[in-house]
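Chains, contacts and geometry: an overview
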Amino acid sequence: IAGITQAPTSQILAAGRRMTLRCTQDMRHNAMYWYRQDLGLGLRLIHYSNTAGTTGKGEVPDGYSVSRANTDDFPLTLASAVPSQTSVYFCASSEQGATNTGELFFGEGSRLTVL
Amino acid sequence: SQQGEEDPQALSIQEGENATMNCSYKTSINNLQWYRQNSGRGLVHLILIRSNEREKHSGRLRVTLDTSKKSSSLLITASRAADTASYFCLTNAGKSTFGDGTTLTVKP
C-alpha cells in the first residue's frame, strides 16, 4: 500500500525557476493538503483541497499555487522560486474535508533548496 | 498563526521513564490529534481525542483534554529509545494547524 507518494524527494533549484512538486494518493481520500516545514519548526499549511475541483488557501499561500483536477493528484507549483521557499514540503490527505479533519496521512516529504 | 503550541520544546529522559508533553490552543476545537515525526520522515498519526472526550488511551500512550483550559497532554509510559522523535499536536478548528512540536530524546 503506497498511501501518499511525493516527488521529487529532493531538489536544488535556482532562484526564479518554476518548480512543481507532485503528490499522489491511492486511498481515495477527499481532502489533500500541502505543508511546509522549516528547520526545527512545525508544519504550516500552504494550500488545501476539500474535494476534487476545489482548493483553498492555508496559512502561508503566497508564492504557491495548487490544482486538484482529480481525486488522486494534488501538485504544488512555485511559479518563481525564491530562497525563502527553501524548506521541506509535506503532502497529506484525509478522508474528510478540511472543515472536519480526521486522521491525516503524510508523504515522506520533498526537500527543496532554492539558491 | 499557529493555534496549537507544544511544551516543553525539548525533553530528554532515560529509557523506562515516562514522558509528558503538553499542547495549548486558543480557540474552540472539534478534535485534537497527536502526531510523531521521526527525523527526516513524514508525520505519523498517534491518537485523536474529540472535544467531548476527556481521556483516551492507546497502548503506552495516554492523552487528556481539558477544554476549559484549552490544553491537552500526551503521556508516553515506559519510554523506549525508539520513542525518540518530535511530537506535534494538531488542533482542528476549521483548518488544520500544527504547533512547533516537542523534541523527545530517550536515552538508552
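Reading the values: rules and limits
- Residues numbered from 1 in each chain as written.
- Chains lettered and ligands numbered in written order.
- Predicted model: local features only at pLDDT ≥ 70, side-chain atom pairs only at ≥ 80, totals over all residues.
- Heavy atoms only, no water.
- Helix = DSSP H or I, 4+ residues; strand = E, 2+ residues; numbered from the N terminus.
- Core = buried A, V, L, I, M, F, W, Y, C linked by side-chain atoms within 4.5 Å.
- Buried < 20%, exposed > 50% of the residue type's maximum accessible area, 1.4 Å probe, protein only.
- Contact = heavy atoms within 4.5 Å.
- Buried area = accessible area lost by both parts, 1.4 Å probe.
- Salt bridge = Lys/Arg side-chain N within 4 Å of Asp/Glu carboxyl O.
- Polar contact = N/O pair within 3.5 Å; in protein donor to acceptor, adjacent residues only side chain to side chain.
- 1 Å grid on protein atoms, 1.4 Å probe; cavity = no way out; pocket = protein on both sides within 12 Å on 5 of 7 lines; lining within 4 Å.
- Points joined across faces, edges and corners; volume = space filled by probe spheres on them.
- Nonpolar A, V, L, I, M, F, W, Y, C, P; charged D, E, K, R; others polar.
- Pairing = 2+ DSSP bridges.
- Axes fitted to C-alpha atoms, helices over the stretch in contact; angles between N-to-C directions.
- Disulfide = S-S within 2.5 Å.

**Some details on unusual backbone geometry**
Residue and element names in this part refer to chain A. With omega at -5°, the peptide bond leading from Ala7 into Pro8 counts as cis. Examined against the element boundaries, Pro8 turns out to sit in the loop between strand 1 (4-7) and strand 2 (10-13). Of note, Arg28 is a non-glycine position whose phi angle comes to about 60°, a positive value. Among the secondary structure elements, Arg28 is positioned in the loop between strand 3 (19-25) and strand 4 (31-37).

**Comments concerning the nonpolar core**
Core analysis: the largest hydrophobic core is formed by 21 residues, its most contacted members being B:Met21, B:Leu32, B:Trp34, B:Leu74, B:Ile76, B:Tyr87 and B:Leu104. Every element with two or more residues in this core is listed here: strand 3 (19-24), strand 4 (31-37), strand 5 (43-50), strand 7 (61-66), strand 8 (71-76), strand 9 (85-92) and strand 11 (102-107) of chain B. Sequence-distant contacts of B:Tyr87, defined by excluding residues within four places in its chain, comprise B:Glu6, B:Met21, B:Tyr35, B:Arg36, B:Leu46, B:Leu74, B:Ile76, B:Gly101, B:Thr102 and B:Leu104. One finds A:Met32, A:Ile46, A:Tyr64 and A:Val114 within the second-largest nonpolar core, a separate group that totals 19 residues.

**Focus: the interface of chain A and chain B**
Taken together, the contacts link 23 residues of chain A with 22 residues of chain B. Counting each side, the surface lost to burial between chain A and chain B is near 1700 Å², with a carbon and sulfur contribution of 46%. At the boundary of chain A and chain B, one finds 1 salt bridge. Residues B:Arg41 and A:Glu108 are paired through a salt bridge, measuring 2.6 Å at the closest nitrogen-oxygen approach. Applying the counting rule to chain A against chain B returns 6 residue pairs in polar contact (both at pLDDT 80 or more). Elements represented by at least two residues in the side of chain A that touches chain B include exactly strand 4 and strand 5 (43-49) of chain A.

**Examining the layout of surface pockets**
What the largest pocket holds in volume is close to 630 Å³. Sorting the residues of the lining of the largest pocket by element identifies strand 9 (87-94) and strand 11 (110-114) of chain A together with strand 9 and strand 11 of chain B as the ones contributing at least two each. Ranked by the residues each element gives to the lining of the largest pocket, the list is headed by strand 11 of chain A, at 4 residues. Here the lining of the largest pocket is composed, by residue class, of 8 nonpolar, 18 polar and 5 charged.

**Considering the sheet that holds strand 6 (residues 55-58) of chain B**
Residues and elements named next belong to chain B. Spatially, the 5 strands line up as an open sheet ordered 1-3-8-7-6, and their pairing is antiparallel. Pairing within the sheet leaves two strands with one partner each, and these edge strands are strand 1 (5-7) and strand 6. Taken pair by pair, the neighbouring strands of this sheet meet at an average axis angle of 20°, ignoring direction.

**Digging into the state of the cysteines**
Residues and elements named next belong to chain A. One pass over the full model with this rule turns up 2 disulfides over all chains. Here Cys23 engages in a disulfide with Cys91; their sulfurs sit 1.9 Å apart. Measuring handedness by torsion sign, the sulfur bridge of Cys23 and Cys91 sits at about -75° and is left-handed. One end of the pair, Cys23, is in strand 3; the other, Cys91, is in strand 9, with 68 residues separating them in the sequence. For the pair Cys23 and Cys91, a shared accessibility class is recorded, and that class is buried.

**A closer look at the sheet that holds strand 7 (residues 64-66) of chain A**
All names here are of chain A. The sheet built from 4 strands is open, its strands ordered 1-3-8-7 with antiparallel pairing. A single partner strand is all that each edge strand has here, and the edge strands are strand 1 and strand 7. Between one strand axis and the next, the sheet turns by 20° as a mean value, whatever way the strands run. Of the pairings in the sheet, the one linking strand 1 to strand 3 comprises 4 bridges and is antiparallel in character. Within strand 3, the residue paired with Thr5 across the bridge is Thr24.

By themselves, these observations are geometric and do not establish any function.
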